[in-house]
Amino acid sequence: MYKIIKMKKTVLLAAVLQLFMVLGSCSSDSDSPSTPEPPVVVIKAAKVTSFSKNFGEAGETITIFGENFSDKISDIKIAFDGVSATVVSSTATEIVFKLPSTEKLVPQLSLTIENRTITNEVKNDYKGNIGVLPKSSTTDWFTIDNVLKNENKVYSVQVVSDKIMYYSMADYGASGVYRTIDGGITFVEWGRTGFSGAFSATKNDEGWADTAFGIQKVPVGGSPTMEFISATTKGIYYSVYVDDDMKKGTIITSYGDVYSTADGVEFSQVYDAHFIDKGFEPGSITKSDEIDNDHIWAIGMKKVENIYYPFILFKNNETDGWKEHYFASEPNTIAAEVSFADKANGYFLINNSTIYKTTDGGDTWTKIYSGEKFTKLVFKDANTGWAVLENKIYKTVDGAKTWTLDYTNTQAIKSIGYKNNIVWAISIDKIIKRYL
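The text that follows walks through the structure, step by step, so that each part is easy to find. Because the structure is predicted, anything quoted here is derived from the model rather than measured.

### A short note on the side chain of asparagine 345
Thought 1: Among the structural elements, asparagine 345 can be located in the loop between strand S28 (335-340) and strand S29 (346-350).
Thought 2: Residue class for asparagine 345 comes out buried when judged on its relative accessible area of 13%.

### Some words on unusual backbone geometry
Thought 1: For aspartate 81, which is not glycine, the phi dihedral falls at a positive 50°.
Thought 2: Along the chain, the position of aspartate 81 falls in the loop between strand S4 (76-80) and strand S5 (83-84).
Thought 3: With a phi angle near 70°, asparagine 306 is a residue other than glycine that sits in the positive phi range.

### Describing the side chain of aspartate 429
Thought 1: Structurally, aspartate 429 is set in the loop between strand S37 (422-427) and strand S38 (430-435).
Thought 2: There is no salt bridge for the buried aspartate 429, and the closest opposite charge comes from lysine 430, which lies 5.3 Å off by N-O distance.
Thought 3: Not counting residues within four places of it along the chain, the set of residues in contact with aspartate 429 comprises Ile144, Asp145, Asn146, Lys149 and Gln411.

### A short note on a nonpolar patch on the surface
Thought 1: Judged by side-chain polarity, Phe213, Met226 and Phe228 come together as a nonpolar surface patch covering roughly 340 Å² of accessible area.
Thought 2: Within the secondary structure, methionine 226 is located in the loop between strand S18 (215-218) and strand S19 (228-229).

### Things to note about the sheet that holds strand S16 (residues 199-201)
Thought 1: Taken in spatial order, the four strands of this open sheet run S16-S17-S18-S19, and their pairing is antiparallel. Two strands bound the open sheet, and with one partner strand each, they are S16 and S19.
Thought 2: Bridging between S16 and strand S17 (residues 207-210) involves three bridges; their strand directions are antiparallel. Each residue of the ladder has a partner; that of alanine 201, found in S17, is glycine 207.

### Concerning the layout of surface pockets
Thought 1: Estimates place the volume of the largest pocket at around 1,200 Å³.
Thought 2: Taken together, 43 residues form the lining of the largest pocket, with Val157, Gln158, Ser288, Asp289 and Glu290 sitting closest to its centre.
Thought 3: Contributing elements (two or more residues each) for the lining of the largest pocket: strand S12 (154-159), S16, strand S20 (237-242), strand S24 (283-292), S28, strand S32 (376-379) and strand S36 (413-419).
Thought 4: The greatest single-element share of the lining of the largest pocket, amounting to six residues, is contributed by S24.

### What to know about the nonpolar core
Thought 1: One finds Ile64, Ile78, Phe80, Ile95, Phe97 and Ile130 to be the most contacted residues of the largest nonpolar core, which totals 20 residues.
Thought 2: Mapped by element, the contributors of at least two residues to this core are strand S1 (44-51), strand S3 (61-67), S4, strand S7 (94-98) and strand S8 (109-113).
Thought 3: Each residue touching isoleucine 130, except ones within four places of it in the same chain, is listed here: Phe51, Lys53, Asn54, Phe55, Ile62, Phe80, Phe97, Leu99, Leu105, Pro107 and Leu109.

### Considering the packing of aromatic side chains
Thought 1: Under the definition given, this model contains 23 aromatic pairs.
Thought 2: Consider the rings of tyrosine 166 and tryptophan 190, whose centres lie 5.2 Å apart with planes at 75°: the pair is edge-to-face. Here tyrosine 166, found in strand S13 (residues 165-171), pairs with tryptophan 190, found in strand S15 (residues 188-193); they are 24 residues apart in sequence, far enough to count as distant.
Thought 3: What makes tyrosine 166 buried here is its relative accessible area of 2%.
Thought 4: On the numbers, 6.2 Å between centres and 75° between planes, the contact of phenylalanine 379 with tryptophan 403 is edge-to-face. Remark: tryptophan 403 occurs in the loop between strand S34 (392-396) and strand S35 (404-408) and phenylalanine 379 occurs in strand S32; sequence separation between them is 24 residues.
Thought 5: According to the relative accessible area criterion, tryptophan 403 is buried, its value standing at 12%.
Thought 6: Aromatic rings pair up to connect Trp297, Phe327, Phe340, Phe348, Tyr356 and Trp365 into one cluster.
Thought 7: Taking NZ or CZ as reference, lysine 53 lies 5.8 Å from the ring centre of phenylalanine 55, over its face.
Thought 8: The ring of tryptophan 424 carries the charged tip of lysine 433 above its face, separated from the ring centre by 4.2 Å.

Thresholds applied
- Residues numbered from 1 in each chain as written.
- Predicted model: local features only at pLDDT ≥ 70, side-chain atom pairs only at ≥ 80, totals over all residues.
- Heavy atoms only, no water.
- Helix = DSSP H or I, 4+ residues; strand = E, 2+ residues; numbered from the N terminus.
- Buried < 20%, exposed > 50% of the residue type's maximum accessible area, 1.4 Å probe, protein only.
- Lys, Arg positive; Asp, Glu negative; His and termini not counted.
- Salt bridge = Lys/Arg side-chain N within 4 Å of Asp/Glu carboxyl O.
- Contact = heavy atoms within 4.5 Å.
- Patch = residues over 30% accessible without salt bridge, like charges linked within 9 Å, V, L, I, M, F, W, Y side chains within 5 Å.
- Areas by Shrake-Rupley, 256 points an atom, 1.4 Å probe, with all protein chains shown as cover.
- Pairing = 2+ DSSP bridges.
- 1 Å grid on protein atoms, 1.4 Å probe; cavity = no way out; pocket = protein on both sides within 12 Å on 5 of 7 lines; lining within 4 Å.
- Points joined across faces, edges and corners; volume = space filled by probe spheres on them.
- Core = buried A, V, L, I, M, F, W, Y, C linked by side-chain atoms within 4.5 Å.
- Phe/Tyr/Trp six-rings, centres within 6.5 Å; stacked < 30°, edge-to-face > 60°.
- Lys NZ or Arg CZ within 6 Å of the ring centre and 35° of its normal.

In structure tokens, the structure reads:
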């Protein structure tokens, strides 16, 4: 009996011990640390749809618009050809940043946002990038690349603003007019011209251009396709001007024939300098400057008693009509350039070294300077102007009496222009600018 009871106690003890072992095992399993599963990272899709501006100056603030950006600045990185931009703020739909200084005018834009795949849907003139101009200076000249890289002659420059400029240049035996609206980052062919390079662009981006076959009517945005207006004359047009309404305008041929129109279609001859008429001495018009339809100055040569003299054919008011003046004190010299700062004050460069000045629109002239052989000149007002000598730009502040060196370029400067407190100059590989 004792053995049976003892056996039962032993079995019960073993069962209890086994239960505790099972319970201990369960408790041990629940208390041991487990390796957590890594969080699932969701890669979201972001989209760039537009920019507040497609180009700007270094340091300027630009906004990128789109979808599914991040509101954390730390998530965003913007670079231009590897040069980091400073991010100012960000939301899910806008990123504001400052343009950095870059070597190229159109650097490659790189935008990365943490945990985002990005698509760029922007279509602009820079293939979805942003153009970057150097920071403008009011204390010194600065340069950008001349993307046209043309080694031929530059005929005429028409400055509209710090961002808009037109110029004509020799191109395969004829000429082309090229226009920029982004400060010189890009140029497009605006019109075709003849051997004079004469053209006139309106504030609406329309205009006229001489083609050696007639006057081309250039539409908004420009076109190399020649649409002619009925100006059937002899000679090449060396002066072309049209009002902003594309109706009232004047053209002057190399033979000194002046034609005008009031409707932009039909022209009538209003003056004849008799350069090629029988019984008159020959001459020619070679350059011009125009302020408006009643203030035009065309220069060239006229032969008087077998001697050639610098000559100017001009209109300087609404009532007097066309006038002529030749410089009797400058025989057998060449009319090089003419530049008028306003309707009264103008300058005439003869033989590239002598400058005459007028204060009455061209009725009378006074010799003011003789010295350096300048090739181009332009004036801001009656006293302030700039002249080009090879790769140098000289400045006057006393009405062309004295000149001081203002800028030296690495290559010859081909032309210079001014308007609205901005000077543009052109060399083979550089566009040179100065804000005033």
